[in-house]
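Listed below, chain by chain, are the residues.
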Amino acid sequence: MIILGITGGIGAGKSKVLNYLNTRFGAYIIEADRLAKELMLPGGDIYDKIAENFPAAIPKRGQPIDRKILADIVYNDSGSLHKLNSLVHPSVKDFIKNDIKVKETSGTGLYVIEAALLIEDGYKEICNEIWYVRADIDVRVKRLVEMRDMTKEQALLIIKNQKPDEFYMDNSDFILDNNSDFEVTKRAIEFRIYHT
């Protein structure tokens, strides 16, 4: 089984790449952010840890986490944000490691992990390859304005707060350029998959 890590900045087109890997190659896709949200639901692996450490975010035990309260707590205090990340990211990674074992025994050929912090969270030790989906800033801004209804200023602010291209390029095995027609991107994906 090939384990592939996909990362990249907002608006680079990661979702389109994931969809193509799924439809063309039958890849099993796991999105770390979506998984984290599932694990934070009542009964999930992270829920009790958050209840212990951020009780104000769960006004009534057994009810879903109040994400707005939690966000207000962590984004105004770097120590709290660090604590939250130390609870969430290891649980997500443990789940993925166990899931890889399960999928391997069921005959999955291509397992794809998408995460914004793929490199920072040490997924290189799990993945055969890390791909960086890259697009120029003006292309990303245009996509975010058109597809996510953001203003240009909002898009630029988010992009500015993410790691620069150089960080991803220095820490990835493959740079997937996604600036132009997606047919060009598809050909690059196919070439890389068949030569991995």
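Look above for the structure.
What counts and what doesn't
Residues numbered from 1 in each chain as written. Predicted model: local features only at pLDDT ≥ 70, side-chain atom pairs only at ≥ 80, totals over all residues. Heavy atoms only, no water. Helix = DSSP H or I, 4+ residues; strand = E, 2+ residues; numbered from the N terminus. Rg over C-alpha atoms; globule rule 2.2 N^0.38 Å. Buried < 20%, exposed > 50% of the residue type's maximum accessible area, 1.4 Å probe, protein only. Areas by Shrake-Rupley, 256 points an atom, 1.4 Å probe, with all protein chains shown as cover. Pairing = 2+ DSSP bridges. Axes fitted to C-alpha atoms, helices over the stretch in contact; angles between N-to-C directions. Parallel < 35°, antiparallel > 145°, perpendicular 65-115°, else oblique. Contact = heavy atoms within 4.5 Å. Nonpolar A, V, L, I, M, F, W, Y, C, P; charged D, E, K, R; others polar. Expected span 1.5 Å × (residues − 1). Polar contact = N/O pair within 3.5 Å; in protein donor to acceptor, adjacent residues only side chain to side chain.

**Quick notes on the overall build of the chain**
From N to C terminus, the chain includes 9 helices and 5 strands. Seen in sequence order, the chain has helices and strands lined up from the N terminus as β-α-β-α-α-α-α-β-β-α-α-α-β-α. Taken over C-alpha atoms, the radius of gyration comes to 18 Å for the chain, in line with the 16 Å a tight globule of 196 residues would show. Evaluated residue by residue, the chain yields a buried proportion of 42% over its 196 residues. Accessible area for the chain stands at about 10,900 Å²; split by element, carbon and sulfur atoms hold 51% of it.

**Considerations on the pairing of strand S1 (residues 2-7)**
Burial analysis of S1 places 5 of its 6 residues in the buried class, the great majority of the element. Strand direction decides the pairing type here: S1 and strand S3 (residues 110-114), joined by 5 bridges, are parallel. Of the residues in S3, the one forming a bridge with Ile 2 is Leu 110. Where S1 lies against strand S4 (residues 129-134), 4 bridges are found, and the strand directions are parallel. The residue bridging Thr 7 from the neighbouring strand is Tyr 132, located in S4.

**Some remarks on the packing of helix H2 (residues 32-39) against helix H5 (residues 78-105)**
The contact between H2 and H5 brings their axes to 10 Å, and the two run at 105°. Between H2 and H5, the crossing angle belongs to the class labelled roughly perpendicular. Every residue of H5 that contacts H2 at Ala 32, Leu 35, Ala 36 and Leu 39 is listed here: Val 88, Ser 91, Val 92, Phe 95 and Ile 96. For the contact of H2 with H5, the residue count by class is 8 nonpolar, 1 polar and no charged.

**Describing H5**
Counting along an α-helix, one turn takes 3.6 residues, and residues three or four places apart therefore face a common direction. Look at H5: 41 Å from first C-alpha to last across 28 residues, which is about the 40 Å you get at 1.5 Å a residue. What H5 keeps buried is the set Ser 80, Leu 84, Leu 87, Val 88, Ser 91, Val 92, Lys 93, Ile 96, Asp 99, Ile 100 and Lys 103. In this structure, the buried residues of H5 make contact with S1, strand S2 (28-31), H2, helix H3 (47-53), helix H4 (67-74) and S3. The residue sitting at the N-terminus of H5 and contributing the capping side-chain oxygen is Asp 77; that oxygen lies 3.2 Å from the backbone nitrogen of Gly 79. Looking at the residues trailing H5, positive phi occurs at Gly 107, about 90°.

Purely geometric numbers; function is a separate question.
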